[in-house]
Amino acid sequence: MKHLIKGTLYGMLCQESSENLANVEVRLYLPLHKSQLEALNNTNAKDTFHIVTEQEAQQREKLLIAKTTTDQNGAYQFEINEKYVETAFDLDFICHTLPNLPDLKPKDKPVHCHITTIQPEWTYDTNQNSSFSYNYGISQKLWCYIRGFYFDAWVICGYLRNCTSGNPIANATVQALDADLLNDDLLGTTTTNTDGYFRIDYTSNDFKKTFLSPWINVETEVGLPITLKSGPDVYFKAFLGDIKYIDETSENRRNNVSYCLCVSLCTKVIVTTPDQTEVFPSAWTGIGTAFNAVFGSGSKDFDVNGYAGTNKYGLTKSIELTGQAAPTINNNPIEYRFKLSSVTTPNNEAAPDDDLFDIIVGVTEGLFVKSKVAVLQQKIAPFYTYDVESNLDDFDEKGWFDINSAIARTVSDNALGDINDYFFIDSDTLIKVNTAKLTNQDNVPIDSVDVGNAFPETSKLEIKKFAIKFEIREVINKEAEQFNRLPGSGKTLNSVVINNNSTFIKMNIDKLMDLGDCAPISGIINALYTVYHPLLLNVKMKLINNGRTFTKTLTDHFLPLEGNTDDDVNTIHNEALQINNTPNDLGRCTYKLTLSVNRRLHTGNDVAAHEEKEIYFFYDVL
């Protein structure tokens, strides 16, 4: 006849996350407090659970009946002598290390915990063998404290899901970072499972790194004044290849987190199957990652005149029109297109008439740019991904784009087999447009004005604006021209400023003009400059010597120009900006004078590159 006491031990990390107490020592004692036995039997284990002191542990030693070790599932089992069948027992466990973290040791000695006093209610089988089961889960508060305080074990548990549907995002790389004053620390990297679940384990050494590590480690607050604290300030990145699911910065940090951080991350990126009939909202929502495709007062919105964002940017080069569009709806294909008009209206008024939108992406030559519009990902290991790229073949003669054509080509070109074996991941880009085909103004000829003179009004460029319209439809029967207009179709930005012109920059030094570019110069020297662009943002002039031991920023009634958003401030000039003061302002050396310009131009993802003019000269001290 056997008498078995068995069960499972686990610890809660978060409301939806736990871990089995694998490889912990479980002990069974005769009750330490026999006089309180009846009261203890009626007490909830959460009220009796505690860390055993050294004195209490010594008192328990002579009461020990049996001990065992849990398996990987946190399961334990004791076989009890017949003479103890009628008695109660104290149930304890001892952590010499932590589940799944065998290299972490307690800072002092193994952690001994008392769970509760149990009075078995035996269940007998036909052979008169008896058993009693007792399972116990340690609360999140207690287990996280034990892990963190005694073992310096910190953990992040979370889920990555779609914000709209709640569907899990599988096989995504998740990074947790700690925001610090000098350098942000990478706490850990992991991959989500099929449920979108992820877990990152780390220690305080991972977030207390400084430029003096490993000799001095300390955690600091972001910003000033510098303060010391205990927990990290955590933010997240999540991605699959170059698809960004989560792209937080230190501005999104969770301050001074505790030993267990529980998070639910959601992404607007759509992950589904190509033939899935579940509808997710199809819409044109932005231009690149920087701007929203709406009129408003937000820092990413377009203003009434068609400028984007706080700095009133115009758009330039190739731009990505972003959003999301499902491949199908009601088992029918979805098509969409973008049309543009050179006739515009203010963004707070009615849109231009539809017949004015005669510039069509995919039809107007040179306007369409190939781009990645989706990704196919294997549902099972090794989880390979394949980019779905748009092509002119995916457009019909009226500019309607069919992503199903691009998907079919990707499957065929890569011999992928059954499309149902892959997830469809929307990559945010709907269409990419080459704005250079919309603007045909030549750059201002360099001989339009002499250096130092005012830029003439007659040579100034027109600020070009275009309206952009998005249309989307369900294709019921294309040959019969049976379509269903979908929500979001007809969305229009009435005015968008577009420019692809370089800056007119002219600069010289008076004595070089008199003596020649290679002549040594001395005495008082003056810079002459003229700058023009319809969308000036920043202009500055800087002098530096060859050894980089001397730098000087030159100023006048225009310079430096910083953060300009006024359309009327589009040109600056000076015919005699004094560079130096004799006799000791400049030493005998070679110098570089740089005039640099930033335009209010943006691709939607990046600010346009700055432009500059440089002059080298040798200054001689006479």
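Scroll up to find the structure.
What counts and how
Residues numbered from 1 in each chain as written. Predicted model: local features only at pLDDT ≥ 70, side-chain atom pairs only at ≥ 80, totals over all residues. Heavy atoms only, no water. Helix = DSSP H or I, 4+ residues; strand = E, 2+ residues; numbered from the N terminus. Buried < 20%, exposed > 50% of the residue type's maximum accessible area, 1.4 Å probe, protein only. Contact = heavy atoms within 4.5 Å. Pairing = 2+ DSSP bridges. Polar contact = N/O pair within 3.5 Å; in protein donor to acceptor, adjacent residues only side chain to side chain. 1 Å grid on protein atoms, 1.4 Å probe; cavity = no way out; pocket = protein on both sides within 12 Å on 5 of 7 lines; lining within 4 Å. Points joined across faces, edges and corners; volume = space filled by probe spheres on them. Axes fitted to C-alpha atoms, helices over the stretch in contact; angles between N-to-C directions.

(A) Spatial organisation of the environment of Trp143. Assignment of secondary structure puts Trp143 in helix α4 (residues 140-151). What makes Trp143 buried here is its relative accessible area of 0%. On a C-alpha basis, the gap between Trp143 and Tyr10 in space is 9.1 Å, while along the polypeptide they are 133 residues apart. In contact with Trp143, not counting residues within four places along its chain, are Gly11, Met12, Leu13, Glu19, Leu21, Cys95, Leu98, Pro99 and Ile138.

(B) Quick peek at the pairing of strand β17 (residues 243-247). When strand β16 (residues 234-240) meets β17, the two strands line up antiparallel, connected through four bridges. Across the sheet, the residue bridging to Leu240 is Ile243, located in β17. Remark: two residues form the turn of the hairpin made by β16 and β17, two consecutive strands paired antiparallel; Gly241 in that turn has positive phi of roughly 65°.

(C) View of the side chain of Lys469. As for its position among the elements, Lys469 is in strand β33 (residues 464-477). With a relative accessible area of 10%, Lys469 lands in the buried category. In terms of polar contacts, Lys469 uses its side chain to reach the side chain of Asp354, at 2.9 Å. With near-sequence residues (within four places) excluded, Lys469 lies in contact with Arg337, Phe338, Lys339, Asp354, Phe357, Gly490, Lys491 and Thr492.

(D) Representation of the pairing of strand β13 (residues 173-178) in the model. Taken together, the six bridges between β13 and strand β14 (residues 185-191) define a ladder with antiparallel strand orientation. Within the sheet, the bridge partner assigned to Thr173 lies in β14 and is Thr191. In textbook terms, the turn of a hairpin is the stretch between consecutive antiparallel strands, and for β13 and β14 this stretch comprises six residues. For β13 and β16, the ladder comprises six bridges, and the chain directions are antiparallel. Across the sheet, Val174 pairs through a bridge with Ala238, a residue of β16.

(E) Representation of the layout of surface pockets in the model. The computed volume of the largest pocket comes to approximately 1300 Å³. For the largest pocket, the lining is made up of 34 residues, of which Lys244, Val269, Gly288, Thr289 and Asp428 are closest to its centre. Those elements that provide at least two residues to the lining of the largest pocket are β17, β18 (260-267), β20 (283-287), β21 (291-292), β23 (318-324) and β32 (429-434). Here the lining of the largest pocket takes five residues from β17, the largest share from any one element.

(F) Main features of the sheet that holds β16. With antiparallel pairing, four strands are arranged side by side in an open sheet as β14-β13-β16-β17. For this open sheet the edge positions go to β14 and β17, each flanked by a neighbour on one side alone. Strand-to-strand twist in this sheet, taken as the mean axis angle between neighbours without regard to direction, amounts to 20°.

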